[in-house]
Amino acid sequence: ASLLPYADPVHKIIIISRGHAAGYTLKLPTEERQFHTRKEFLDDIVVSLGGYAAELMLFDDLTTGPSNDLQVATSLAHDMVAKYGMSAGLGPIAFEASGGVLMIGHGRFVEKDYSEDVAMRIDKEVEKIMNDSLARARELLTKHRAVLDAIATELMRVETMERDEYEKILTLHGIKARRKIGEEPYVAPTATAEGEKSGLASEARTTTARPLDIPSTKITHETVVTETKKENEAPKRPRKQKKDEKK
């Protein structure tokens with residue numbers, strides 16, 4: 001939620017099981033508002049799919065834990081398409097009244113004022129919103145995996161986390177908490193900076209440790225000594241020449 005500009009900020013996280021819920025995250029708006037925007041709804045759906053995306057990413061499996069979040073997110077996506085005209089594919093049409101859809105299976109029936117073809121188009125739009133939101137949730141969790149691990153570790157220790165404690169963890173990881181809706185979250189480029197510094201340091205170490213390119217003709221101490229000995233030694237003459245001198 002803290003990485004989405006139009007989502008309400010987190011005020012409390014609890015992992016203590018109560019009733020059917022294994023825990024919950026409490027989000028409260030920063031200001032009173034009578035109307036909601038499409039961007040706010042989309043960010044809320046991404047937040048609702050956070051637990052679902054985390055299970056896929058961490059365990060490569062799914063549990064019944066995010067079931068209530070899925071119902072809330074799907075219902076919101078359906079209302080965006082069928083009630084509020086917030087679908088780019090279907091346009092500004094209200095297919096259903098604002099009273100809500102009666103779900104089959106709860107002892108009630110759905111009364112539709114549109115054809116089966118329109119119902120299929122609504123379902124496709126809802127599916128697109130849900131899949132796009134899931135992709136956004138997975139992208140954010142993957143990019144900020146260190147923050148996810150830090151929050152999970154702290155929750156295992158304290159079980160209940162208030163907003164101040166939650167935002168301290170964000171700050172330690174270079175994320176500035178938003179103060180109003182629509183404000184873009186600030187994420188410090190610490191990872192990039194550290195990567196560049198690490199790369200420069202590695203290059204510097206390699207340059208320092210690289211041996212000098214010494215030409216093979218360079219004169220060493222042994223070479224000087226050897227050359228000096230050769231100069232002091234008398235040149236050797238052929239044996240025949242020595243015999244002729246004796247005669």
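Every value quoted in this text rests on a predicted model; they were computed, and no experiment measured them.

Q: Give a detailed account of helix H4 (residues 116-143), specifying residues and quantitative values.
A: Along an α-helix, residues three or four positions apart point the same way, because every turn accommodates 3.6 residues. Taking 1.5 Å of rise per residue, 28 residues should cover 40 Å, and H4 covers 41 Å from first to last C-alpha, within 8% of that figure. For H4, every residue scored as buried is listed here: Val-118, Ala-119, Ile-122, Glu-125, Val-126, Ile-129, Met-130, Ser-133, Leu-134, Ala-137 and Leu-141. Structurally, H4 contributes buried residues whose contacts are with helix H1 (38-48), helix H2 (50-59), helix H3 (67-82) and helix H5 (145-158).

Q: Explain the confidence of the model for the chain to me, and be specific about the residues and the numbers.
A: Overall, the prediction assigns the chain a mean pLDDT of 76, with 69% of residues at 70 or greater. Across residues 191-232, where pLDDT falls below 50, the model places 1 contact with residues more than four positions away in sequence or in other chains.

Q: Tell me what's going on with unusual backbone geometry, and back it up with residues and numbers.
A: Even without being glycine, Asp-60 reaches a positive phi, approximately 55 degrees. Within the fold, Asp-60 resides in the loop between H2 and H3. Among the residues examined, Asp-60 registers a relative accessible area of 68% and is labelled exposed. For Glu-159, which is not a glycine, the phi torsion comes out positive at approximately 70 degrees. Take Glu-159: it is sitting in the loop between H5 and strand E3 (160-162).

Q: Summarise the pattern of salt bridges; cite the residues concerned and give the values.
A: On inspection of all chains with the given rule, the structure shows 10 salt bridges. Its salt-bridge partner being Asp-8, residue Arg-33 comes within 2.8 Å of it at the nearest N-O pair. Placement of the pair is Arg-33 in the loop between strand E2 (24-27) and H1 and Asp-8 in the segment before strand E1 (10-14), with a sequence separation of 25 residues. Given a relative accessible area of 10%, Asp-8 falls into the buried group. The partner of Glu-40 in a salt bridge is Arg-33, with the nearest N and O atoms 3.4 Å apart. Residue classification places Glu-40 among the buried positions, given a relative accessible area of 6%. Taking relative accessible area as the criterion, Arg-33 reaches 24% and is therefore assigned partly exposed.

Q: Before we move on, could you go through the packing of aromatic side chains and cite the residues and values that matter?
A: Under the definition given, this model contains 2 aromatic pairs. Ring centres 5.9 Å apart and planes at 20 degrees place the aromatic pair Phe-41 and Tyr-84 in the stacked group. Separated by 43 residues along the polypeptide, Phe-41 in helix H1 and Tyr-84 in the loop between H3 and H4 bring together distant segments of the chain. Under the relative-accessibility criterion, Phe-41 is labelled buried at 11%. According to the relative accessible area criterion, Tyr-84 is partly exposed, its value standing at 43%. Their ring planes at 80 degrees and their centres at 5.8 Å tell us that Phe-95 and Tyr-114 sit as a pair that is edge-to-face.

Rules used in this analysis
- Residues numbered from 1 in each chain as written.
- Predicted model: local features only at pLDDT ≥ 70, side-chain atom pairs only at ≥ 80, totals over all residues.
- Heavy atoms only, no water.
- Helix = DSSP H or I, 4+ residues; strand = E, 2+ residues; numbered from the N terminus.
- Expected span 1.5 Å × (residues − 1).
- Buried < 20%, exposed > 50% of the residue type's maximum accessible area, 1.4 Å probe, protein only.
- Contact = heavy atoms within 4.5 Å.
- pLDDT = per-residue confidence, 0-100.
- Salt bridge = Lys/Arg side-chain N within 4 Å of Asp/Glu carboxyl O.
- Phe/Tyr/Trp six-rings, centres within 6.5 Å; stacked < 30°, edge-to-face > 60°.

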